[in-house]
Amino acid sequence: MNRTTLEPATALVNRQGASVLLSETFAFLLRNGISAEFIANFSRQYIDPKKPKGDIRRYRKLVSDYEDMGMIMSTWYSRPRFLDESGQPLPLSIGRGPRSVASLIQISRVRISTSRALELMRRSPSIELDTQGSLGARKRTFVLPEFEIPRAALVIERYLDTLRRNSAGHKSKTSLLLERNCRVPEVDLATIAPVLRDIKGRGAALIDSIDGEIERHRLRRSKRKGVGEVGLLIFSWTRPRNSRSKARRI
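Basis of the calculations
- Residues numbered from 1 in each chain as written.
- Predicted model: local features only at pLDDT ≥ 70, side-chain atom pairs only at ≥ 80, totals over all residues.
- Heavy atoms only, no water.
- Helix = DSSP H or I, 4+ residues; strand = E, 2+ residues; numbered from the N terminus.
- Buried < 20%, exposed > 50% of the residue type's maximum accessible area, 1.4 Å probe, protein only.
- Contact = heavy atoms within 4.5 Å.
- Areas by Shrake-Rupley, 256 points an atom, 1.4 Å probe, with all protein chains shown as cover.
- Lys, Arg positive; Asp, Glu negative; His and termini not counted.
- Charge placed at Lys NZ, Arg CZ, Asp CG, Glu CD.
- Phe/Tyr/Trp six-rings, centres within 6.5 Å; stacked < 30°, edge-to-face > 60°.
- Polar contact = N/O pair within 3.5 Å; in protein donor to acceptor, adjacent residues only side chain to side chain.
- Salt bridge = Lys/Arg side-chain N within 4 Å of Asp/Glu carboxyl O.
- Axes fitted to C-alpha atoms, helices over the stretch in contact; angles between N-to-C directions.
- Parallel < 35°, antiparallel > 145°, perpendicular 65-115°, else oblique.
- Nonpolar A, V, L, I, M, F, W, Y, C, P; charged D, E, K, R; others polar.

Trainee: Is there a simple way to think about the overall build of the protein in this case?
Mentor: When helices and strands are counted, the protein shows seven helices and two strands. Written out in order from the N terminus, the α and β elements of the protein read α-α-α-α-α-β-β-α-α. Counting only C-alpha atoms and orienting by the principal axes, one finds that the protein spans roughly 70 × 50 × 40 Å. Per-residue burial for the protein yields a buried fraction of 22% across its 250 residues. Within the protein, contacts between residues separated by at least 24 positions form 57% of all contacts whose residues are at least 6 apart in sequence. Roughly 19200 Å² of accessible area belongs to the protein as shown, and the carbon and sulfur atoms make up 54% of that amount. In the protein, 47 side chains carry a positive charge and 26 a negative one; their mean positions are 5 Å apart.

Structure, rendered in structure tokens:
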């Protein structure tokens, strides 16, 4: 079979794949309160090179703060100064001192300000305020309520960039970034819970190990050329075969 015979089928599959990607994206946005009007207007603006694409600096700043908070939580759970004898994170004061939020931020080597970190800590269910006015850690993963859309944008943006870089790498025969998945198409979802717990535990241990390794290479406010980010994302999923998300017609 020659190349010209394959091209129409490839183009058809690409269009169908684009339809799935757009449909899932639209459905996700609609479920999370983004109006059909906003989606339609943005789509028209994006394909018109004469119209501005919008300013996303506030989104970038919020995502940067969110990622910094993840690093702060990781430091809180790993540095001996902030742990009790059983290895659990100690409460932090909101003032000054060796076991304060300000001290934790300094040791974490992140750019977020103390006031901004305190604001996000008070909003997060990952952290609780006790009767003495100290902040205690409830879970290692930093969570913000109603933050699903920025989190999805963060993941999808980086995943698509990974696909682009790997595609270019195949052509130039350079080393590729990690991009793999394992999947079983038929499984009894009622009995899979122990496997999912095992995946969660092993995945968390792997992330913690790699997080510490790459954190040692963090630069602080560097303006050198060739500076960028590196990271690893792991997620698991279950999906009923007879349940397909469909976006409303826009």
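Trainee: Please explain the packing of aromatic side chains as it appears in this structure.
Mentor: The relation between two aromatic rings is expressed through the spacing of the ring centres and the mutual angle of the planes. Across all of its chains, the model carries five aromatic pairs by this definition. With centroids separated by 6.4 Å and ring planes inclined at 15 degrees, the aromatic side chains of F38 and F42 adopt a geometry described as stacked. With F38 and F42 both in helix α2 (residues 36-47) and four residues apart, the pair spans about one turn of that helix. Its relative accessible area of 38% is what places F42 among the partly exposed residues. Ring-pair connections join several aromatic residues into one group, and the members of that group are F38, F42 and Y46.

Trainee: Could you clarify how one ought to interpret the side chain of S126 in this entry?
Mentor: Following the sequence through the fold, S126 ends up in the loop between α5 (114-123) and β1 (127-129). Using a relative accessible area of 0% as the deciding quantity, one classes S126 as buried. Within the structure, the side chain of S126 is placed 3.0 Å from the backbone nitrogen of V143, a separation counted as a polar contact.

Trainee: Any chance you could explain the pattern of salt bridges here in plain terms?
Mentor: Side chains bearing opposite charge may pair, as long as their charged atoms lie close to each other. With the rule as written, the count across this model stands at eleven salt bridges. One salt bridge connects D65 with K61, and the closest N-O pair in it is separated by 2.7 Å. With D65 and K61 both in helix α3 (residues 57-76), this residue pair falls four residues apart, about one helical turn. By relative accessible area, which is 3% here, D65 ends up buried. The exposure class assigned to K61 is partly exposed, which follows from its relative accessible area of 46%. For R158, the salt bridge goes to E229, with nearest N and O atoms at 2.9 Å. In this pair, R158 is assigned in helix α6 (residues 148-172) and E229 in the segment after α7 (193-215), connecting sequence segments 71 residues apart. Owing to a relative accessible area of 29%, R158 belongs among the partly exposed residues under this scheme. Taken together, the salt bridges that share partners define one network made up of R60, E67, E157, R158 and E229.

Trainee: Sorry if this is basic, but what is going on with the packing of α3 against helix α4 (residues 101-108) here?
Mentor: When two helices pack together, you describe them by how their axes are tilted relative to each other and by the distance separating the axes. Two elements in contact, α3 and α4, have axes separated by 9 Å at closest approach and are oriented at 100 degrees. One finds that α3 runs roughly perpendicular with respect to α4. Mapping the contact onto sequence places M71, I72, T75 and W76 in α3 and L104, I105, I107 and S108 in α4. In the contact of α3 with α4, the residues fall into six nonpolar, two polar and no charged.

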